[in-house]
Amino acid sequence: MAFPESQGLHRRPLTAWVVRLAIALMALGGANPTFAQASFVNFESGQVRPMALSSDRNRLFVANTPDNRLEVFAVTPAALVHVASVPVGMEPVAVAARSATEVWVVNHLSDSISIVDLSFADRIPRVVDTLLVGDEPRDIVFAGANGDRAFITTAHRGQHSPSTFDALASEGRTDVWVFDANDRGAPPIVVQMFGDTPRPLAASLDGTRVYVGVFHSGNKTSVLHRDTVQGLIGDPQENVDGEPAPLDISLIVQADEQNRWFDGNGVEWTPSVRMTLPDYDVFVLDAAAETPAVIDRISGVGTTLFNMVVSPSGGALFVSNLDARNIVRFEGSGEFSPTTVRGHFIENRITVIDLDSGNAVLPRHLNKHIDYDRILGTPEENAASLATPLQMVLNPAGDRLYVAAFGSAKIGIFNTGELIADTFTPDPANHVELSGGGPSGMVLDEQRNRLYVLTRFNNSISVVDLDSATEIGAVSLYSPEPAVVTDGRRFLYDARHTSSRGDSSCAGCHIFGDLDHLAWDLGDPDGSVLENLNPLMRQVPPGTARDFHPMKGPMATQSLRGLNNQGPMHWRGDRSGANDPEGQDFLDEEAAFRAFNGSFAALLGRETVLAPNEMQAFAEFALTIHYPPNPVRTLNNQLTPVQQRGFDAFLSVVSSEPFTCNDCHVVDVAAGKFGTNGFSVIDLEGPLVIQPLKIPHIRNLYTKVGFFGRSRGVDDQDFPMLGEQIRGFGFTHDGAWDTLLNFLQDFTLDDDAQRREVVSFLMAADAELLPVVGQQVTLRQGNIGRVRSQLVSLLQQAAVTSPRPACDLIVKGSWGGAARGAVRDASGQFRTDRASDGTLSIRSLLEISQRPGQSLTFTCVPPGSGERMGIDRDEDGILDGDEID
């Protein structure tokens, strides 16, 4: 096979086994027909540490999350000059510079780390290695005695995890992967901790300690099942119209320092809670030990942890976080009810951990100037507020802390002494206003007295002059996001616009469009009963209460991901197109989402709801947010024998007369159904006043830990204590079911063995995108033997076309003296980014990858995205030489 002459390539002999591999891969061939998918898929990944300066302070590295690239800028006294744009993995969210020429990039969707080398003589930076890690990696720091260990946070699951994911085991779900940066081929050490879904990392200045923050760490709240509560939920027990509240509702309780449990009315329920919630928020690792290990655990830091930074002296650890007030019941005006969380459902905080005083925990409310006794906030309060504090940086002296307020389009500046002592006064004079919304990351360039800030809403870099505390310029990064995404995003996060006090947004619960893993009782006693026009799966006796009472009881936060094509929204389906005055289609998701507009006034505390055009933009944006592939499912999308038996039972066993599981929780990929048909059900065995529930999808069950073995009923105190649990909320609409295995006891499956099989399938339930999407591998001289099986897997999946395409396969690297890209076409050949080139075979690409100094990275991307991501734009994105003063 001849190489295209325009490539300037010369045939060189390949080793025999590489030739055999090339022939085998070419034999895969296979057409890849056009698949009706948009070229851009919005995952709405939360950036964690998206910027870094090189060790010599002359290069700025920026994670371009929507474009899946690392942007490289030269830092000069006068300007930032764009140098290169390096393709990495999908959804890069964190960057760490190991030296002036080596950068590690955390790819959230690809479950990988891209190692970028800038030292090549041809001056083309490129990925020289790809390390595979656990599910959804988020942050990275270098530590250890010599700073030569890379620490990476991941969820305790995923196809690359050394441990099998066990949905039925009460075990730590926080993993930190530790790599030897000098020997990247050595097996990593994986440290497992008793938490779930880690996010931030911080390292002490000497590298001997690494601090690990749990993202959704909770706040010692849990839920009592309705059988335990038996209607004893406190007043009021009817709404303002005199309609009695449903009796089949649970109750949120919270543990105090002595592990006593109280509800929001101060009633003690300790005998009915047979577990403890230690609420481990931050873990301390001995990073210098031969095998890094946990040496301490810290509780009470916050509910949702975003970022951490250690003072230069090592005496204090600062943690940006949200603290949820879900122990308080009800939204709305509070005129008829005694309590409401309207305008005060979360608090934005920086928690100081005094490392010199036994790790004393000192929470600091950033918006303590707000008078929450007033119904609405004032413009002055709004101006002084900071919302959703993400990344922080300290100056070298450690006396000034900069905080990126994602929901405020600001940088907050704090004197650390005042912050520790809680003597600071919130003041807009201590804020830096930014032209772009959503500041998510920043780096301090103390030599030039500059702060570089990445603003997510417009995908730009702002340069802040620290003398004047003002933004002096901004440069836009290339973004493939369509207008429907960029125009609607702000309504999820912008607290200044969506709340009167400027301190809260929808993202206070729907963290980056997803979950907070809590339940909330957001009923409204001042509301009226809403007619339920949604269809039911089965008829109910005349007189059965099927409408939506405003006092609904606790409901677990639901994700904004995957709303499209799933019908009515909310657990009860009370946000439905069937109630839309402009139409009566219960499957109209845009109309259903627009029905949430009232929450801006009733929950966020905005003076008015959004304008119709704003709510429409928000709805259209929300319907673009996708679920990631299921990390429990195998990369080849084949169910294990246990999962397959569970799926067979799911499809065929009559579990609730006359229905199978699949009759209600429809799994039909071709129809875009992933566990729901949009209909509702009513539990006919419930108490006197019962509620309808929409049949929920099943795509994110694997993200819910549950609280294992919790008992139910009035005699809970007769059960033994169950010990420490990670979370206080489990499954179903209120989170009151501890495990899916116990939930399935109410269904007529054969036995516990079959129930376990069904649970195994539910954990591996299908999603819109197949598991291989995002997966990647880098080929270079000397490593093809180690990565061969991974490459074969990607090519095999790229050839899958039925019942739906698995992925588009792209390749990135450099050849012919330039940064290049290619995408696999319908014939199995690779079409390049030069129209005159013709195509390359897999053998050609293997030959390129084996040349000294060369490397090629293959990535499976969503079907329909291959041409855009592989070949459709200049490799630089930003023209080289673009400057920002």
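Residues numbered from 1 in each chain as written. Predicted model: local features only at pLDDT ≥ 70, side-chain atom pairs only at ≥ 80, totals over all residues. Heavy atoms only, no water.

Here we come to the overall build of the protein. Within the protein, the secondary structure is distributed over 17 helices and 46 strands. Here the C-alpha radius of gyration of the protein, 27 Å, is about what a compact globule of 885 residues would show, namely 29 Å. Each of the three principal axes of the protein carries a C-alpha extent, and together these read 85 × 65 × 55 Å. Buried residues in the protein amount to 63% of all 885 residues. A separation of at least 24 residues holds for 63% of the contacts in the protein among residues at least 6 apart in sequence. For the protein, the exposed area adds up to about 30,800 Å²; of that, 49% sits on carbon and sulfur atoms. With 70 positive and 111 negative side-chain charges, the protein shows a spacing of 6 Å between the two charge centroids. (Helix = DSSP H or I, 4+ residues; strand = E, 2+ residues; numbered from the N terminus. Rg over C-alpha atoms; globule rule 2.2 N^0.38 Å. Buried < 20%, exposed > 50% of the residue type's maximum accessible area, 1.4 Å probe, protein only. Contact = heavy atoms within 4.5 Å. Areas by Shrake-Rupley, 256 points an atom, 1.4 Å probe, with all protein chains shown as cover. Lys, Arg positive; Asp, Glu negative; His and termini not counted. Charge placed at Lys NZ, Arg CZ, Asp CG, Glu CD.)

Let us look at helix H14 (residues 752-763). In a regular helix each residue adds 1.5 Å, so 12 residues correspond to 16 Å; H14 covers 16 Å between its end C-alpha atoms and thus fits that length. Every buried residue of H14 is accounted for by Gln754, Arg755, Glu757, Val758, Val759, Phe761, Leu762 and Met763. Looking at the buried side of H14, the elements it contacts are helix H11 (641-652), strand S36 (667-668) and helix H13 (740-743). The N-cap of H14, judged by a side-chain oxygen 3.1 Å from the amide nitrogen of Ala753 a few residues on, is Asp751. (Expected span 1.5 Å × (residues − 1). Polar contact = N/O pair within 3.5 Å; in protein donor to acceptor, adjacent residues only side chain to side chain.)

Time to look at the layout of surface pockets. In this model, the second largest pocket occupies a volume close to 1,200 Å³. Taken together, 35 residues form the lining of the second largest pocket, with Arg49, Arg57, Ala203, Leu205 and Val309 sitting closest to its centre. When contributions to the lining of the second largest pocket are tallied by element, the ones reaching two or more residues are strand S1 (51-53), strand S5 (92-97), strand S9 (140-143), strand S13 (198-203), strand S20 (304-310), strand S24 (389-394) and strand S28 (439-445). (1 Å grid on protein atoms, 1.4 Å probe; cavity = no way out; pocket = protein on both sides within 12 Å on 5 of 7 lines; lining within 4 Å. Points joined across faces, edges and corners; volume = space filled by probe spheres on them.)

Once that is clear, we can look at the nonpolar core. Residues Phe345, Leu492, Phe512, Trp520, Phe593 and Phe618 are the most contacted members of the largest nonpolar core, which totals 47 residues. Looking at this core, the elements that each hand over two or more residues are strand S21 (316-324), helix H6 (490-493), strand S32 (519-520), helix H8 (589-594) and helix H10 (612-622). The biggest single contributor to this core is H10, with 6 residues. When neighbours within four sequence positions are excluded, Phe512 is seen to be in contact with Glu44, Gly46, Arg199, Phe215, Phe306, Leu390, Phe406 and Tyr493. Core analysis: the next-biggest nonpolar cluster, separate from the first, contains 36 residues, Met90, Leu770, Leu791 and Val861 among them. (Core = buried A, V, L, I, M, F, W, Y, C linked by side-chain atoms within 4.5 Å.)

In spatial order, the strands read S13-S14-S18-S19; together these 4 strands make up an open sheet with antiparallel pairing. Two strands lie at the open edges of the sheet, namely S13 and strand S19 (293-299), each paired on one side alone. Pairwise comparison of adjacent strand axes, ignoring direction, gives a mean angle of 25 degrees for this sheet. Pairing geometry for strand S14 (residues 209-214) and strand S18 (residues 280-286), over 5 bridges, is antiparallel. When the bridges of S18 are listed, Arg209 appears paired with Asp286. (Pairing = 2+ DSSP bridges. Axes fitted to C-alpha atoms, helices over the stretch in contact; angles between N-to-C directions.)

The strand order across the open sheet built from 4 strands is S28-S29-S30-S31, with neighbouring strands paired in antiparallel fashion. The open sheet has two edge strands with one neighbour each: S28 and strand S31 (470-476). Neighbour-to-neighbour, the strand axes of the sheet open up by a mean angle of 20 degrees, direction not taken into account. Sheet topology places S28 next to strand S29 (residues 450-455); 6 bridges connect them, and they run antiparallel. If you follow Gly441 over to S29, its bridge partner there is Leu454.

Let us look at the pairing of strand S25 (residues 400-405). For S25, a buried count of 5 out of 6 residues is recorded, marking the element as mostly surrounded by other parts of the structure. Of the pairings in the sheet, the one linking S24 to S25 comprises 4 bridges and is antiparallel in character. In the sheet register, Leu394 faces S25, and the bridge partner there is Leu401. Between the end of S24 and the start of S25, which pair antiparallel, lie 5 residues, with Gly398 showing a positive phi angle near 80 degrees. Of the pairings in the sheet, the one linking S25 to strand S26 (residues 410-415) comprises 6 bridges and is antiparallel in character.

Applying the stated criterion to the full structure yields 12 cavities of 30 Å³ or more. Space inside the largest cavity adds up to approximately 270 Å³. Taken together, 23 residues form the lining of the largest cavity, with Glu136, Arg138, His216, Asp514 and Arg561 sitting closest to its centre. Its residues assigned to classes, the lining of the largest cavity comprises 7 nonpolar, 8 polar and 8 charged. Approximately 110 Å³ is the volume found for the second largest cavity. Together, 15 residues line the second largest cavity, and Ser217, Gly218, Asn219, Ile726 and Gly728 are the ones closest to its centre. Among the residues forming the lining of the second largest cavity, the class breakdown is 4 nonpolar, 8 polar and 3 charged. (Nonpolar A, V, L, I, M, F, W, Y, C, P; charged D, E, K, R; others polar.)

According to the stated counting rule, one finds 23 aromatic pairs in the structure shown. Three or more aromatic residues joined by ring pairs form one cluster here, namely Phe215, Phe306, Phe406, Phe457, Tyr493 and Phe512. A cation sits over an aromatic face here: Arg199 above Phe215, 5.3 Å from the ring centre. Note that Lys368 overlies the ring of Phe424, its terminal NZ or CZ placed 4.0 Å from the centroid. (Phe/Tyr/Trp six-rings, centres within 6.5 Å; stacked < 30°, edge-to-face > 60°. Lys NZ or Arg CZ within 6 Å of the ring centre and 35° of its normal.)

The step from Glu657 to Pro658 runs through a cis peptide bond, and the omega angle for that step is 5 degrees. On the secondary structure map, Pro658 appears in the loop between strand S34 (654-656) and strand S35 (659-660). Backbone torsion omega between Ser802 and Pro803 reads 5 degrees, so that peptide bond is classified as cis. In this structure, Pro803 sits in the loop between helix H15 (784-798) and strand S41 (808-815). One non-glycine residue with positive phi stands out, namely Asn449, at about 55 degrees.

It is worth spelling out the environment of Val811 at this point. Mapped onto the fold, Val811 is located in strand S41. Look at Val811 and you get buried, because its relative accessible area is 0%. Sequence separation between Val811 and Glu582 is 229 residues, and the spatial gap between their C-alpha atoms is 48 Å.

In this section: the pairing of S28. Most of S28 is tucked away, with 7 of its 7 residues classed as buried. Counted between consecutive antiparallel strands, the loop separating S28 from S29 contains 4 residues, among which Asn449 sits at a positive phi close to 55 degrees.

Applying the stated criterion across every chain yields a total of 42 salt bridges. Residue Glu433 is joined to Arg496 by a salt bridge in which the shortest nitrogen-to-oxygen separation is 3.0 Å. One end of the pair, Glu433, is in strand S27 (residues 431-433); the other, Arg496, is in helix H7 (residues 495-498), with 63 residues separating them in the sequence. (Salt bridge = Lys/Arg side-chain N within 4 Å of Asp/Glu carboxyl O.)

Where H11 meets H14, the closest approach of the two axes is 7 Å, and the angle between their N-to-C directions is 100 degrees. Viewed along their axes, H11 and H14 adopt a mutual orientation that is roughly perpendicular. Contacts between H11 and H14 involve Val642, Gln643, Arg645, Gly646, Phe647, Ala649 and Phe650 on the former and, on the latter, Gln754, Glu757, Val758, Ser760, Phe761 and Leu762. Each residue belonging to the contact of H11 with H14 can be placed in one class, and the counts come to 7 nonpolar, 4 polar and 2 charged. (Parallel < 35°, antiparallel > 145°, perpendicular 65-115°, else oblique.)

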